[in-house]
Amino acid sequence: MENKIDFVMIWVDGNDQEWRKEKNHYENKSGDDRNIRFRDWDNLQYWFRAVEEYAPWVNKIHFVTWGHLPQWLDTTNPKINIVNHKDFIPAEYLPTFSSHVIELNLHRIPGLSEQFVYFNDDTFVFNRVSPEYFFVKGLPCDAAIQSPAIKENKFAIGNVVMNNMAIINTYFDKNMQMRADRKKWFNRKYDIKNQLKNYLLKPWNSFTGFYEFHVANSFLKSTFEKIWQLEGETLNEVCLHRFRDLKLDVNQWLMRDWQLASNQFYVRKTNSMQLYTIDKDSDIKKVFNQNVKLICFNDSEELTDEEYELAKKTIIDCFEKKLPRKSAFEK
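Attention here is on the structure that accompanies the text. What you see is a predicted model, and the numbers here were worked out from it, not measured in a lab.

Of all five residues that make up strand β11 (residues 294-298), four are buried, and the element is covered over most of its length. Relative to β11, strand β10 (residues 273-277) runs parallel, the two being bridged by five bridges. Looking across to β11, one finds that Thr-277 is bridged to Asn-298.

Next up, the structure:
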């Protein structure tokens, strides 16, 4: 490929006693330090198997951790770059227990390509994808779907979305950007429901928010660098929060939203991505029959410990049937 594409994955082992000891030392009850933020579904090996099976063209996988590693991971694989927080996050922000801080500094990872795809550890490549699914002509592939920012409960991320929009609206005139490249906002690759959202929110002169698909996002490293240059003071304040602050933070969606608002993206179909929130009534086996490219298995605080363990086992069993062979990333 002329333009290399890297994958970035951030992971935490919530069972690591040393990590827990450090977390408890800095624990801040005003931040979001719920167990749901850190518990492990024990299915990471299937993420690597999926990458090998469905996206073998990836240039490099930057695996970002506090310092712990899965025992089964073969760190000698030439496609893996093990990245400790200390390797790229400025010392004044460490230690951090906030995914927002880690995300906002991803562009500092040594050797990271200009084009990269960012994954949380609950987001999987679910079927075969080509490089053009993520980038076309040097632009990240995405879908510009507007959505109002709503805070559904005290742990919802509505305030973060509004903080992101405050920055976006400072630099972009919504009506001007939509007129400049109308086909990126009203496109047949968006399903009818999502097209309707853009039409209904068109009368608002400012961006009210974007629909976040909660899947892997395609990024340009230069987008991060530009926003740090323009809004360094804001990002610095966020990065000083050791835990997620759902009132004051911005997050990596700011970078995605910037790419959308600036029309620096290539249109992608919306029906190829799915967010699946796991609850006690989830039909997980049915989900594995779907033909989507990307999927997020989203944790839910409503799950009891017993329901969580049952759901975890079911997901592992389904992945084992879907991807039974060990990958070259496993010992």
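On we go from here.
With that out of the way, let us pick up helix α5 (residues 158-171). For an α-helix the count is 3.6 residues per turn, leaving residues at separations of three or four pointing the same way. The terminal C-alpha atoms of α5 lie 21 Å apart, and with 14 residues this matches the ideal 20 Å at 1.5 Å per residue to within 8%. Three or more residues of α5 are buried, namely Gly-158, Val-160, Val-161, Asn-164, Met-165, Ile-167 and Ile-168. Here the buried face of α5 lies against α4 (99-104), α8 (221-239) and α9 (253-261).

Our focus in this paragraph is the packing of α5 against α9. It is at 10 Å that the axes of α5 and α9 come closest, and there the two elements cross at 35°. Of the two possible hands of crossing, α5 and α9 adopt the one that is right-handed. Contact with α5, carried on its side by Val-161, Asn-164, Met-165, Ile-167, Ile-168 and Tyr-171, involves Trp-253, Leu-254, Asp-257, Trp-258 and Ala-261 of α9 and no other residues of that element. Class assignment of the residues belonging to the contact of α5 with α9 gives a composition of nine nonpolar, one polar and one charged.

Bringing the sheet that holds strand β3 (residues 80-84) into the picture now. The sheet built from five strands is open, its strands ordered β3-β2-β1-β4-β8 with mixed pairing. Looking at which strands have only one partner, the edges of the open sheet turn out to be β3 and β8 (217-220). For this sheet the average axis-to-axis angle between neighbouring strands, irrespective of direction, equals 25°. As paired strands, strand β4 (residues 115-119) and β8 are joined by four bridges and run antiparallel to one another. Each bridged residue has a counterpart across the sheet, and for Tyr-118 the counterpart in β8 is Asn-217. Across the face of the sheet, helix α2 (residues 44-54) comes into contact with β1 (5-10), β2 (60-65), β3 and β4 while running at roughly 165° to β2. Together, β4 and β8 form the strand contacts of α8, whose direction differs from that of β8 by roughly 65°.

Ordered in space as β6-β7-β9, the three strands form an open sheet in which the pairing is mixed. Of all the strands in the sheet, the pair left with one neighbour each is β6 (135-136) and β9 (266-267). Sheet topology note: the strand β7 (residues 139-142)/β9 ladder contains two bridges and is parallel. For Asp-142, the partnering residue across the bridge sits in β9 and is Val-267.

Thresholds, definitions, all that
- Residues numbered from 1 in each chain as written.
- Predicted model: local features only at pLDDT ≥ 70, side-chain atom pairs only at ≥ 80, totals over all residues.
- Heavy atoms only, no water.
- Buried < 20%, exposed > 50% of the residue type's maximum accessible area, 1.4 Å probe, protein only.
- Helix = DSSP H or I, 4+ residues; strand = E, 2+ residues; numbered from the N terminus.
- Pairing = 2+ DSSP bridges.
- Expected span 1.5 Å × (residues − 1).
- Contact = heavy atoms within 4.5 Å.
- Axes fitted to C-alpha atoms, helices over the stretch in contact; angles between N-to-C directions.
- Left-handed = near helix turned anticlockwise from the far one by under 90°.
- Nonpolar A, V, L, I, M, F, W, Y, C, P; charged D, E, K, R; others polar.

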